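Coordinate analysis (summary)
Each chain, written out:
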Amino acid sequence: MDVGPRRSVILWLALAALLGPVLGLGEDLDRPLFGPPGSPIRLQESDLGLQKALQFAEERYNLGSNAMHVRRVSKLISASKQLVKGIRYTITAELSNTQCKKSSVLRTCDFYPEQHKLKTEVCVFEVWDIPWQGTSTLLKQKCQPAVERQLKETNKVEDPSTSEPVEPESVELLGQFKEFMIKYNKVYSSQEEADHRLKIFHQNLKTAEKIQSLDQGSAEYGVTKFSDLTEEEFRSTYLNPLLSQWTLHRPMKPAPPARGPAPASWDWRDHGAVSPVKNQGMCGSCWAFSVTGNIEGQWFLKNGTLLSLSEQELVDCDRLDQACGGGLPSNAYEAIEKLGGLETEIDYSYKGHKQSCDFSSGKVAAYINSSLELPKDEGEIAAWLAENGPVSMALNAFAMQFYRRGVSHPLKIFCNPWMIDHAVLLVGYGERRGIPFWAIKNSWGEDYGEQGYYYLYRGSNLCGINKMCSSALIN
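Read on for a plain summary of the structure. Note that the coordinates shown come from a computational prediction; the quantities given were computed from them, not determined experimentally. (Residues numbered from 1 in each chain as written. Predicted model: local features only at pLDDT ≥ 70, side-chain atom pairs only at ≥ 80, totals over all residues. Heavy atoms only, no water.)

Pairing is antiparallel in the open sheet, where 5 strands are placed in the order β1-β2-β3-β4-β5. What marks the edges here is a single partner per strand, and that holds for β1 (41–42) and β5 (135–145). In the sheet, strand β3 (residues 87–101) pairs with strand β4 (residues 120–130) via 10 bridges, with the strands oriented antiparallel. For T90, the partnering residue across the bridge sits in β4 and is E126. The strands touched by helix α2 (residues 48–64) are β2 (69–83), β3, β4 and β5; relative to β2, the strand with the most contacts, the crossing angle is about 135°. (Pairing = 2+ DSSP bridges. Helix = DSSP H or I, 4+ residues; strand = E, 2+ residues; numbered from the N terminus. Contact = heavy atoms within 4.5 Å. Axes fitted to C-alpha atoms, helices over the stretch in contact; angles between N-to-C directions.)

Next up, the structure:
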């Protein structure tokens, strides 16, 4: 029988509703139960179905063990479930020795209080449970002794290439990778592809640690949704190589200086001039998002209405730029002038790839008269921004792939100001615990950085932040 996509989803939802009481699905109603069919969902320790699967795995472990004493789960590290002709649980847990011998029958089995007797293993279990048949099967069990880490203080930064390699199949690494896959809904086409991405993920963990050790600000680096991409894949998919080709840049009129000095801090989000964070997807269209963000702010300041304007119009209709292959804000302003304006996001929605131009002059919601290039001094940029609105700008995205939160302050040697490769929107500036920063609206979705924002150290022209600041002009 052929089941269409809509009917398939309805069947999955019906099945989830039917199994709800059996599987304990009513505890976290704010979270999706299963997501798309077959996709993993992370579980809390209180999940009733997980508790049942964990008890089953523990029993099977002890039946197959030659140890004299019973071992019990002492720590749950991570757990997820998938709907696959039943419920498949993937569990990573620590199991430790108890004082109960297998030959004895006791109601309670306490762990050894002495650490040297508390032998612990870290195990990965896969349990396939079919609740409506009352059957459970242990599909996989892989255990290894838990090794206590000895931490030593040092101020020396080691080169990852010379450090002792971590076993790629370690349970800890697998646990981190599974959590990453669940959090960001990662699905790979084959086991070979998953193994390949695991190796990249492992290398990226070391790269993030290296960036962390060299950062001079308050930033935290680590696992992000880009952690399974090589540097080259990340750059070719999400960044914009045309920005650093200075010979392509169109001369722009210089912006008149601000009328007064910059206030101590300013944020256009507090004044209604910034639309919600958007997502460019797997398309190098950051230049379009940077420019539309600027025009949204300019239109708001001139007309009092905050519109969400169309980036897809620029991807499709800007003949001066290269759509997902990159572009320049200076070209985008010119293209908008020639087209006659921008449609709204609702009228011309974002697809994340180039298609035929579908622009309609009758749907123009905002227009511009010209564009301006801002001065190169950060103090003057701050004063202009506070007085005139959010600014289109570009920077070297060296530290952005693994950025999680805080004020990023990479060493200048790693963040060449002439190697600009990402266009963003400057919406404000200020200080955090004495560290001056720029507040930067990115276009990689709200699950990047701090709710979609990147914070960069202000005051040393870091990462070329002062090289390419511009704005549309609306008379």
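Read on, since the account is not over.
Moving on to helix α8 (residues 329–339). Owing to its 3.6 residues per turn, the α-helix brings residues three or four apart onto one side. Burial analysis of α8 places 8 of its 11 residues in the buried class, the great majority of the element. For α8, the complete set of buried residues consists of P329, S330, N331, A332, Y333, E334, A335 and I336. Buried residues along α8 sit in contact with α6 (286–303), α7 (312–317), β9 (370–373), β10 (391–395) and β16 (470–473). The positive-phi residue at the C-terminal boundary of α8 is G340, with phi of around 105°. (Buried < 20%, exposed > 50% of the residue type's maximum accessible area, 1.4 Å probe, protein only.)

This part takes up the pairing of β5. Where β4 lies against β5, 10 bridges are found, and the strand directions are antiparallel. The residue of β5 that forms the bridge with I130 is T135. Connecting β4 to the antiparallel partner β5 that follows it, the hairpin turn spans 4 residues, and G134 within it adopts a positive phi of roughly 70°.

What follows deals with the environment of N396. Position of N396 relative to the elements: it lies in the loop between β10 and β11 (403–405). Along the chain, N396 and H422 lie 26 residues apart, while their C-alpha atoms are 6.4 Å from each other. Apart from residues lying up to four places away in sequence, N396 is in contact with F414, C415, N416, M419, I420, D421 and C463. Reaching out from N396, the side chain makes a polar contact with the backbone oxygen of N416 at a distance of 3.0 Å. (Polar contact = N/O pair within 3.5 Å; in protein donor to acceptor, adjacent residues only side chain to side chain.)

Moving on, we come to the environment of T237. When you line up the elements, T237 lands in helix α5 (residues 231–238). In the structure, T237 is positioned 89 residues away from G326 in sequence and 9.9 Å away in space, judged by C-alpha atoms. Leave out the neighbours within four places in its chain, and T237 touches M282, C283 and G284. Within polar-contact distance, the side chain of T237 engages the backbone oxygen of E233 at 2.8 Å.

Moving on to the pairing of strand β14 (residues 435–441). With 7 of its 7 residues buried, β14 lies for the most part within the structure. Along β14, one buried face is formed by I435, F437, A439 and K441 and the opposite face, lined by P436, W438 and I440, is buried too. Two successive antiparallel strands, strand β13 (residues 422–432) and β14, enclose a turn made up of 2 residues, where R433 displays a positive phi of approximately 50°. Of the pairings in the sheet, the one linking β14 to strand β15 (residues 453–457) comprises 5 bridges and is antiparallel in character. Each bridged residue has a counterpart across the sheet, and for F437 the counterpart in β15 is Y457.

This part takes up the packing of aromatic side chains. Applying the stated criterion to the full structure yields 22 aromatic pairs. Seen from their ring centres, F226 and Y448 are 6.2 Å apart, and the 45° between their planes marks the pair as tilted. Taken together, the positions of F226 in the loop between β6 (220–221) and α5 and Y448 in the loop between β14 and β15 put the pair 222 residues apart, joining distant regions of the chain. Like F226, the residue Y448 is buried in the burial classification. Here the aromatic cluster, defined as three or more aromatic residues joined through ring pairs, consists of Y221, F226, F234, Y238, Y403, W444, Y448 and Y454. In this structure, R432 packs its charged tip against the face of Y455, placed 4.3 Å from the ring centre. (Phe/Tyr/Trp six-rings, centres within 6.5 Å; stacked < 30°, edge-to-face > 60°. Lys NZ or Arg CZ within 6 Å of the ring centre and 35° of its normal.)

For the structure on display, the rule yields 4 disulfides. Each disulfide pairs two cysteine sulfurs, and for C317 the partner residue is C357, the sulfurs being separated by 2.0 Å. The S-S bond linking C317 to C357 shows a torsion near 100°; that makes this disulfide right-handed. Taken as a pair, C317 in helix α7 and C357 in the loop between α8 and β9 lie far apart in primary sequence, 40 residues in all. For C286, which is in no disulfide, the shortest distance to another cysteine sulfur is to C283 and amounts to 9.0 Å. (Disulfide = S-S within 2.5 Å.)

A word on the packing of helix α3 (residues 171–183) against helix α4 (residues 191–214). Across the interface, α3 lies against α4 with an axial gap of 11 Å and an inter-helix angle of 105°. Considering the angle they form, α3 stands roughly perpendicular to α4. Every residue of α4 that contacts α3 at L173, L174, Q176, F177 and F180 is listed here: A194, R197, L198, F201, H202 and L205. When its residues are assigned to classes, the contact of α3 with α4 shows 8 nonpolar, 2 polar and 1 charged. (Parallel < 35°, antiparallel > 145°, perpendicular 65-115°, else oblique. Nonpolar A, V, L, I, M, F, W, Y, C, P; charged D, E, K, R; others polar.)

Take helix α9 (residues 378–388) next. Buried within α9 are the following residues: E378, I381, A382, A383, W384, L385 and A386. Contacts made by the buried residues of α9 are with β8 (266–267), β9, β10, β13, β14 and β16. You can read the cap of α9 off the contacts: a side-chain oxygen lies 3.0 Å from the backbone nitrogen of G379, and it is on D377. Following α9 by one or two positions, G389 has its phi on the positive side, about 120°.

Moving on, we come to the nonpolar core. Membership of the largest hydrophobic core comes to 52 residues, with the highest contact counts inside it found for L426, I440 and Y454. Among the nonpolar cores identified, the runner-up in size contains 19 residues, and A57, V73, L83 and V127 belong to it. (Core = buried A, V, L, I, M, F, W, Y, C linked by side-chain atoms within 4.5 Å.)

In short, the description is geometric, and any link to function would need to be established separately.
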